[in-house]
Amino acid sequence: MIILYGTKVKSKEIGQTKEVCSCGHCNNTSIWTLYNNRRWFTLFFIPIFPLSSTKFLECPVCGWGIKVDNKNSDLIMPLVEFYDK
């Protein structure tokens, strides 16, 4: 019997910046998007339970971004307007 298991990352948009931000990679200015990336354990390609969760602020032009962690969350989170649930 073969058991297929692994991991899969699912991304969900949770907000955007309130002001226009400049990208250090492509030098464009635009409104950036905040994503919540969750890594799931999968069994037969069905997500069973989450393994980890990270937030990521991404430039919509080039896809370059900043991982939001405990070090920089105090600086980044006040700049973000979250979507209503």
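From a predicted model like this one, the values you see are computed outputs, not experimental measurements. (Residues numbered from 1 in each chain as written. Predicted model: local features only at pLDDT ≥ 70, side-chain atom pairs only at ≥ 80, totals over all residues. Heavy atoms only, no water.)

What about the overall build of the chain?
Heads up, the condition is: Secondary structure is summarised from DSSP: a helix means a run of H or I of at least four residues, a strand means a run of E of at least two, and numbering begins at the N terminus for each. The cut-offs for exposure are 20% and 50% of the maximum accessible area for each residue type, with area from a 1.4 Å probe on protein chains only; residues under the lower value are buried, those over the upper are exposed, and the others partly exposed. The contact criterion used is simple: two residues touch if any of their non-hydrogen atoms lie within 4.5 Å. Positive charges come from Lys and Arg, negative ones from Asp and Glu, while His and the chain ends are left out of the count. A charged residue contributes its charge at one atom only: NZ of Lys, CZ of Arg, CG of Asp or CD of Glu.
A count of helical and extended segments in the chain gives one helix and seven strands. Secondary structure elements of the chain, listed N to C terminal, follow the sequence β-β-β-β-β-β-α-β. Overall, the chain is about 55 × 25 × 25 Å in size when its C-alpha atoms are taken along their principal axes. By the burial criterion, 25% of the 85 residues in the chain qualify as buried. Expressed as a percentage of contacts within the chain between residues at least 6 apart in sequence, the contacts between residues at least 24 apart total 49%. Side-chain charges of the chain comprise 10 positive and 7 negative groups, with the mean position of each set lying 12 Å from the other.

Side note on the environment of Phe56
If you trace the backbone, Phe56 turns up in strand β5 (residues 46-58). For the pair Phe56 and Asp69, spaced 13 residues apart in sequence, the C-alpha separation works out to 8.7 Å. If we ignore the near neighbours within four places in the chain, the residues touching Phe56 are Thr33, Leu34, Tyr35, Asn37, Gly63, Gly65, Ile66 and Lys67.

Here we look at the pairing of strand β1 (residues 5-17)
Quick note on the threshold: Note: two strands are recorded as paired if DSSP finds a minimum of 2 bridges between them.
As judged from the 11 bridges shared by β1 and strand β4 (residues 33-43), these two strands associate in the antiparallel manner. Looking across to β4, one finds that Gly15 is bridged to Leu34. Pairing between β1 and strand β7 (residues 80-82): three bridges, direction antiparallel. Bridge pairing in β7 places Thr17 opposite Val80.

A closer look at the pairing of β5
Pairing analysis gives 11 bridges linking β4 to β5, with the strands arranged antiparallel. Each bridged residue has a counterpart across the sheet, and for Asn36 the counterpart in β5 is Lys55. Between β4 and β5, which pair antiparallel in sequence order, lie two residues; one of them, Phe44, sits at a positive phi of approximately 55°. In this sheet, strand β6 (residues 65-68) lies alongside β5 in antiparallel orientation, the contact comprising four bridges. Bridge pairing in β6 links Phe56 to Lys67. Counted along the chain from β5 to the antiparallel partner β6, the turn is six residues long, and its residue Gly63 has a positive phi close to 85°.

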